[in-house]
Amino acid sequence: MTNPVKLPAWTALKTHVTAISDLHLRDLFAAEPQRFELFTLEACGLLLDYSKNRITKATLPILTQLARESGLEERRTRMFSGEKINSTENRAVLHTALRNITNTPVMVDGIDVMPAINAVREHMTRFANAIRSGEWKGHTGEIITDIVNIGIGGSDLGPLMVCRALHRFAHPRLKMHFASTVDGDQITGILSRVNPATTLFIVASKTFTTQETLTNAHTARRWFLEATGNPAAIAKHFVAVSTNTEAVTAFGIDPANMFEFWDWVGGRYSLWSAIGLPIALCLGPDNFQALLAGAHAMDRHFAETPLERNMPVLLGQLGILNRNFYHFPSLLISPYNQALDRFPSYLQQLDMESNGKSVDLDGLRVKDYETGPIVWGDSGINGQHAYYQLLHQGSQGVSIDFIASIEHPDSPSPHGPILMANFFAQSEAFMRGKTEEEVRIELTAQGLRGEALEKLLPHKIFEGNRPTNTILMQTLSPESLGALIALYEHKVFVQGTIWNLNSYDQWGVELGKQLAKAIEQELIASEPVTRHDASTNGLINYYKQRLLGA
Ligand code: F6P
């Protein structure tokens, strides 16, 4: 475990970047017309074009050296083999075992976890088939038409994102709903649209202690019991996904209706586990299996391919280059498939909860290098008409990952070509920009002369030189989506390793939870609050007065 700044490759990279930093991406493309051939890689149905990064042929060996010196290969082996690399929680990190479709044994504490994984998967398959076929009936004998997943963070974002992304494969009868926030508006809205006799609730929580989820689950149960007056009917309409059997039983869900997973599955890495039950229900067990197979293919690629041709390794290294050497503070995820509109939110949790840390694996404060970037984004084409202005001409740069599929089966002509023309145009624009000379020629051709031309000219210049990656897949399918998600999971692993972080804990979410618990009591009490700082006291007291109409 080493501070990366102390590694020889870090120093070498610094020297190298200083030497090439004056070169504009245009210069690099002019000097190396073969950049597409040189800097693209295909794996598991994905093409990664990384040629529009500020790199030369000399950059990659240094990046690879950095990954080697950071112990990436050893740590990768330790993760796949079930060692407890999540050191602050003393847990293994084995989302890869959940999609280990070859079934080779994976040992944790001397026990092969594969039989338990397979047993839960079979339970999920049986249950999903019964709901989808109509064999599973609600308490009145009617078939299930609506599924409400109640969960938050990793127990929400993954299933929600996958069900949206692959909606083309969705069961025509089953309507999916996702309740995450504790703002009662959301669950109440869902409950107003569903029929208790035909609705299945999935209470999804790894810990089964998450306040938002349990509050929503209790609200749903109350609503259900008020409507049906029949506690025995709960067994037909409520199932749980959790690692906490005791709490599930205490909530009133029969353990026979519980789908288990394990502490070695991180919340943000859990869609492959029983947390993926909404996926199996909506898309079917076969498509869920295909999603796992796509991710497994990426796992094999990551585990077995030399670092130089390894896609997650490359993507991770380029992220390090852009974050630590070119100092880009954020990474925009810009998908041009509308169905991937929730993919950036999913990646936000994956990346920011994993590598948003400033204490390293040795417990030392990280002082001399930046860690995880801010990850953000939504549908790329919408972004073009909103925040792309700043990305093109704002005072600070952003690195960008563009993602699209070649085929858009549900897009009638001329939608597909228009969408993809914009997709290609944007990465070209971020790379090239537009020079003063080009603007001058353009304005002159438009008939502008003299003062009018000079006045407008500076506003129309684009600096360009923004680093971007482009990921293309043939079509958005369960397999390609599985590979895409696993690509980013392993990218996060690569970066966490180089930054010497534990990417698998999330202590940073605790403080807010603790404070909220105490404040919740204060909101009920009648006396004014005085124990906080002036701002927090003032806000709470203002809220209480206004709420009571005082
Ligand atoms: O508070 C953050 C977090 O713990 C995430 O890491 C997790 O995905 C989410 O809350 C939900 O947790 P649970 O599945 O235990 O309800």
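Our subject is the structure that appears above.
Residues numbered from 1 in each chain as written. Predicted model: local features only at pLDDT ≥ 70, side-chain atom pairs only at ≥ 80, totals over all residues. Heavy atoms only, no water.

*Asks:* Hey, could you run me through the layout of surface pockets in this one?
*Replies:* Unoccupied space between atoms shows up once a probe the size of one water molecule is rolled over them. The calculated volume of the largest pocket comes to roughly 990 Å³. If you go around the largest pocket, you meet 37 residues; those closest to its centre are Thr207, Thr210, Gln506, Val509 and Lys513. The set of elements that each furnish at least two residues to the lining of the largest pocket consists of helix 10 (211-228), helix 16 (343-355) and helix 23 (510-524). The element best represented in the lining of the largest pocket is helix 23, accounting for four residues. (1 Å grid on protein atoms, 1.4 Å probe; cavity = no way out; pocket = protein on both sides within 12 Å on 5 of 7 lines; lining within 4 Å. Points joined across faces, edges and corners; volume = space filled by probe spheres on them. Helix = DSSP H or I, 4+ residues; strand = E, 2+ residues; numbered from the N terminus.)

*Asks:* Where do I start with the sheet that holds strand 9 (residues 258-260) in this structure?
*Replies:* Across a sheet, paired strands are connected by hydrogen bonds in the backbone, their directions being either parallel or antiparallel. Across the sheet, which stays open at both edges, the five strands sit in the order 6-5-7-8-9 with parallel pairing between neighbours. Edge positions in the sheet fall to strand 6 (175-179) and strand 9, since each has one partner strand and no second. Put simply, the sheet's adjacent strands are angled 20° from each other on average, direction ignored. Two strands pair when backbone bridges link them, and strand 7 (residues 199-204) and strand 8 (residues 238-242) are joined in this way by four bridges, in the parallel orientation. Across the sheet, the residue bridging to Ala204 is Val241, located in strand 8. Across the face of the sheet, helix 9 (residues 184-193) comes into contact with strand 5 (146-150), strand 6 and strand 7 while running at roughly 155° to strand 6. The sheet strands contacting helix 10 are strand 5, strand 6, strand 7 and strand 8, and the helix crosses strand 7 at an angle near 155°. (Pairing = 2+ DSSP bridges. Axes fitted to C-alpha atoms, helices over the stretch in contact; angles between N-to-C directions. Contact = heavy atoms within 4.5 Å.)

*Asks:* Would you mind going over unusual backbone geometry with me for this structure?
*Replies:* Leaving glycine out, the prevailing phi sign among residues is negative, and the prevailing peptide bond configuration is trans. Residue Ser413 is joined to Pro414 through a cis peptide bond whose omega torsion reads 5°. Here Pro414 lies in the loop between strand 12 (399-405) and helix 19 (415-432). Positive phi is not limited to glycine here, since His327 has a value of about 60°. Positionally, His327 belongs in the loop between helix 15 (311-325) and strand 10 (330-335). Judged by its relative accessible area of 46%, His327 is partly exposed. (Buried < 20%, exposed > 50% of the residue type's maximum accessible area, 1.4 Å probe, protein only.)

*Asks:* Sorry, what's going on with the site of the ligand here?
*Replies:* With respect to spatial proximity, 14 residues lie near the ligand, and among them Ser155, Ser205, Lys206, Thr207 and Thr210 are the closest. Interatomic distance of 2.5 Å between a side-chain N/O atom of Thr210 and an oxygen atom of the ligand. Contact with the protein chains removes 87% of the 390 Å² of surface that the ligand exposes when unbound. Among the detected pockets, the ligand sits in the largest pocket. Of the residues assigned to the shell around the ligand, the class counts are two nonpolar, nine polar and three charged. (Near = heavy atom within 4 Å. Polar contact = N/O pair within 3.5 Å; in protein donor to acceptor, adjacent residues only side chain to side chain. Areas by Shrake-Rupley, 256 points an atom, 1.4 Å probe, with all protein chains shown as cover. Sits in = over half its atoms within 2 Å of the grid points. Nonpolar A, V, L, I, M, F, W, Y, C, P; charged D, E, K, R; others polar.)

*Asks:* Looking at this structure, I do not really get the packing of helix 16 against helix 22 (residues 478-498). What am I missing?
*Replies:* A pair of packed helices can be characterised by two numbers: the angle between their axes and the separation between those axes. Following both chains from N to C, one finds helix 16 and helix 22 inclined at 20°, their axes separated by 10 Å at the closest point. Regarding the angle of helix 16 to helix 22, the classification is roughly parallel. The handedness of the crossing between helix 16 and helix 22 is right-handed. Between helix 16 and helix 22, the contacting residues are Phe343, Tyr346, Leu347, Leu350, Asp351, Ser354 and Asn355 on the first element and Leu484, Ile485, Tyr488, Glu489, Lys491, Val492, Gln495 and Gly496 on the second. (Parallel < 35°, antiparallel > 145°, perpendicular 65-115°, else oblique. Left-handed = near helix turned anticlockwise from the far one by under 90°.)

*Asks:* Quick question: what am I supposed to make of the pattern of salt bridges here?
*Replies:* In a structure, side chains of opposite charge can pair up when their charged atoms sit close to one another. Evaluated as defined, the whole model comprises 21 salt bridges. Notably, a salt bridge pairs Arg68 with Glu308, separated by 3.6 Å at the nearest N-O pair. Placement of the pair is Arg68 in helix 4 (residues 59-69) and Glu308 in the loop between helix 14 (285-304) and helix 15, with a sequence separation of 240 residues. Looking at Arg68, the relative accessible area reads 33%, which means it is partly exposed. Residue class for Glu308 comes out partly exposed when judged on its relative accessible area of 40%. A salt bridge links Arg78 to Glu83; the shortest N-O distance between them is 2.8 Å. Classification of Glu83 by relative accessible area gives partly exposed; the value is 37%. One continuous salt-bridge network, built from bridges that share partners, spans Arg26, Arg432 and Glu438. (Salt bridge = Lys/Arg side-chain N within 4 Å of Asp/Glu carboxyl O.)

*Asks:* Honestly, the environment of Lys14 in this entry has me stumped. Any pointers?
*Replies:* Mapping Lys14 onto the fold places it in helix 1 (residues 8-20). C-alpha separation for the pair Lys14 and Leu321, spaced 307 residues apart in sequence, amounts to 9.5 Å.

*Asks:* How do you make sense of the sheet that holds strand 13 (residues 468-473) when you look at a structure like this?
*Replies:* With mixed pairing, the six strands of this open sheet are ordered in space as 1-2-13-12-10-11. For this open sheet the edge positions go to strand 1 (40-43) and strand 11 (374-376), each flanked by a neighbour on one side alone. On average, adjacent strands in this sheet sit at an angle of 15° to one another, irrespective of strand direction. For strand 10 and strand 12, the ladder comprises five bridges, and the chain directions are parallel.

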